[in-house]
Amino acid sequence: MKHKQADELNKDNRDESSYSRRDVLKMVTLAGTGIVVGSSGMASLFAINNRLKAISGPEVSQSEKVNNDAIPFYGERQAGIGTPQQMYMCFAAFDIISDNVDKLKQLLKIWTDKSADMTAGRALRETNGQQQVNSSEESTTDSSAKLTITFGFGSTLFTRNGIDRFGLGSQCPDELRDIPSMPGETINSQISGGDICIQVCANDPTAAFHVIRNLAVASIEMAVIRWVQTGFIDDSDGHTPRNLFGFKDGTANIELESEQGKENYVWVDSSKGPAWMTNGTYLVARKIRMDMEKWEQTFDIKQEAIFGRSKNSGAPFGMHDEFDAVSMRQIPSNSHVWLARSAGTKILRRSYSYFEGIDPVTGNLDAGLFFISFQKSVRKQLVPMLSLLAKSDALNPFISTLSSSVFACPPGSSKGGFIGEQLFKGN
């Protein structure tokens, strides 16, 4: 019954009238919060809250404070992209339930103001109708949390079922297309897509969760959570984090650490259109299940051949250090590193591991990688790489891709403005 309800709520082709008849009946208000979510989003939030309470320790301080070394929300470009990676992530996709462009802009203004407050460490004390949100322990963070909030727009924000919902259809970027189907994938539409995504990263898992919670509170009658994903990385102290297979994940990011590297591969420039995306980027999120049991039965020497790197040092085959230059002649041609390099381009990876208990069907661990990448062009940078990996990667027998989403992350905003404001110029 649970799957049946989720399928009904998350059908791909939904219009405004279907929201008003069906979703209003199936949405629920979380007791004491006023958050309105769909059935799948509600289940995710309950699960997330329980897990975070178990691992996060004491609540953060109730005193209202402003962080002197917080990561600013306002700026030419959004934070949470080139920002050094924090330990925890909470990623949510929302569907907008009104086709009124003024309400959409109002929501983005509300979300922008609240995001600026929360990243600065200020307490959230706002009124939503009859619901008073006055819980500083859930909305303040200390400087060590390094909170960032990043927004992205999905293709359905522009056109759904062939309908230009907000008069923005002509502004939809060509890059904002679904990733082509790859061999061996089983994409679940219930945990893919969405009109707007919000990526929250922090060094405190409770802070990341409560940002999504507070932004959901602010979106009542305007948006509904479609799906939620949490993630974590090991406390690498500035070193490349390891994935759940025990290998370093994201070594190649060092090539994009310079501003010039990001200019070349991450940030959209004025020549790549549309104009509103200048200084923005494209986000791809893919949930990848990892077969932990099968992997553990594989000898380390074979695991290293599959990745093309040493498990301990992270060095490419034939080298000694993680960041030594890759020699393609010394790496197996079906290894993960060889194929990724063969694509001839680069992406900025910002992935997180996830663990969601035991699969009730198989009894195996439900764990894997929530792959996140940022790039100037999805079609020219990521798709060729994924195509090579899908065909020949020696890692394929150990992984399966469950979800896939593409979002256009607009440039940053300034105080008094709102995220994505450039998109609405002349609207």
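Residues numbered from 1 in each chain as written. Predicted model: local features only at pLDDT ≥ 70, side-chain atom pairs only at ≥ 80, totals over all residues. Heavy atoms only, no water.

(A) Just the overall build of the protein, in detail. Helix and strand counts for the protein come out as 11 helices and 15 strands. For the protein, the residues scored as buried account for 53% of the 427 residues in total. Pairs at least 24 residues apart make up 78% of the contacts formed inside the protein by residues separated by at least 6 positions. Accessible area of the protein: about 18800 Å², with a carbon and sulfur share of 50%. (Helix = DSSP H or I, 4+ residues; strand = E, 2+ residues; numbered from the N terminus. Buried < 20%, exposed > 50% of the residue type's maximum accessible area, 1.4 Å probe, protein only. Contact = heavy atoms within 4.5 Å. Areas by Shrake-Rupley, 256 points an atom, 1.4 Å probe, with all protein chains shown as cover.)

(B) Quick peek at the packing of helix α4 (residues 101-120) against helix α6 (residues 205-218). Interhelical geometry of α4 versus α6 gives an angle of 150 degrees and a closest axis separation of 10 Å. Judged by the angle between their axes, α4 and α6 are roughly antiparallel. Read as a crossing pair, α4 and α6 show a hand that is right-handed. Here Leu107, Ile110, Trp111, Lys114, Ser115 and Met118 of α4 lie close against α6, whose contacting residues are Val211, Asn214, Leu215 and Ala218. In the contact of α4 with α6, the residues fall into seven nonpolar, two polar and one charged. (Axes fitted to C-alpha atoms, helices over the stretch in contact; angles between N-to-C directions. Parallel < 35°, antiparallel > 145°, perpendicular 65-115°, else oblique. Left-handed = near helix turned anticlockwise from the far one by under 90°. Nonpolar A, V, L, I, M, F, W, Y, C, P; charged D, E, K, R; others polar.)

(C) Representation of the pattern of salt bridges in the model. Enumeration over the complete set of coordinates arrives at 16 salt bridges. Ionic pairing is found between Asp359 and Arg289, a salt bridge with its closest N-O pair at 3.0 Å. In this pair, Asp359 is assigned in the loop between β13 (352-358) and β14 (365-375) and Arg289 in strand β11 (residues 281-290), connecting sequence segments 70 residues apart. A relative accessible area of 15% means that Asp359 is categorised as buried. Judged by its relative accessible area of 17%, Arg289 falls in the buried class. (Salt bridge = Lys/Arg side-chain N within 4 Å of Asp/Glu carboxyl O.)

(D) Molecular detail of α4. In this model α4 runs 29 Å from its N-terminal to its C-terminal C-alpha over 20 residues, within 8% of the 28 Å that 1.5 Å per residue would give. For α4, the capping residue at the N-terminal end is Asn100, with a side-chain oxygen 2.8 Å from the backbone nitrogen of Asp102. Where α4 terminates, the next one or two residues include Gly121, which has phi positive at roughly 90 degrees. (Expected span 1.5 Å × (residues − 1). Polar contact = N/O pair within 3.5 Å; in protein donor to acceptor, adjacent residues only side chain to side chain.)

(E) Representation of the pairing of strand β6 (residues 148-153) in the model. Counting buried residues in β6 gives six out of six residues, a clear majority hidden from the surface. Neither face of β6 is open: one carries Thr148, Thr150 and Gly152, the other Ile149, Phe151 and Phe153, and all of them are buried. Pairing of β6 with strand β9 (residues 196-202) involves six bridges; the strand directions are antiparallel. Paired with Thr148 across the two strands is Cys201, which belongs to β9. (Pairing = 2+ DSSP bridges.)

(F) Region of interest: the packing of aromatic side chains. Counted under the stated rule, the structure contains 16 aromatic pairs. An angle of 75 degrees between the planes, with centres 6.2 Å apart, marks the rings of Phe247 and Trp295 as edge-to-face. With a gap of 48 residues between them, Phe247 in the loop between β10 (223-232) and α7 (259-265) and Trp295 in helix α8 (residues 292-296) connect regions that are remote in the sequence. Comparing Phe247 with Trp295 shows no difference in burial state: the two are buried. (Phe/Tyr/Trp six-rings, centres within 6.5 Å; stacked < 30°, edge-to-face > 60°.)

(G) A look at helix α11 (residues 378-392). Between the first and last C-alpha of α11 there are 20 Å, a value that for 15 residues agrees with the 21 Å anticipated at 1.5 Å per step. Close packing links the buried residues of α11 with α7, β11, α10 (336-342), β14 and β15 (399-409). The residue sitting at the N-terminus of α11 and contributing the capping side-chain oxygen is Ser377; that oxygen lies 3.0 Å from the backbone nitrogen of Lys380.

(H) Just the side chain of Ser192, in detail. Here Ser192 lies in the loop between β8 (163-164) and β9. Engagement of the side chain of Ser192 in a polar contact is seen with the backbone oxygen of Asn188, the distance being 2.9 Å. Setting aside residues no more than four positions away along its own chain, Ser192 makes contact with Ile187, Arg226, Trp227, Ser403, Ser404 and Ser405.

(I) Summary view of the pairing of β11. With 10 of 10 residues buried, β11 is to be regarded as a mostly interior element. Judged by which residues are buried, β11 turns out to be covered on both faces: Thr281, Leu283, Ala285, Lys287 and Arg289 on one side and Tyr282, Val284, Arg286, Ile288 and Met290 on the other are all buried.

(J) Just unusual backbone geometry, in detail. Positive phi outside glycine occurs at Lys146, with the angle close to 50 degrees. Of note, Lys146 is situated in the loop between α5 (136-139) and β6. One non-glycine residue, Asn161, lies in the positive phi region at around 55 degrees. Relative to the helices and strands, Asn161 is located in the loop between β7 (159-160) and β8. A relative accessible area of 38% places Asn161 in the partly exposed class.

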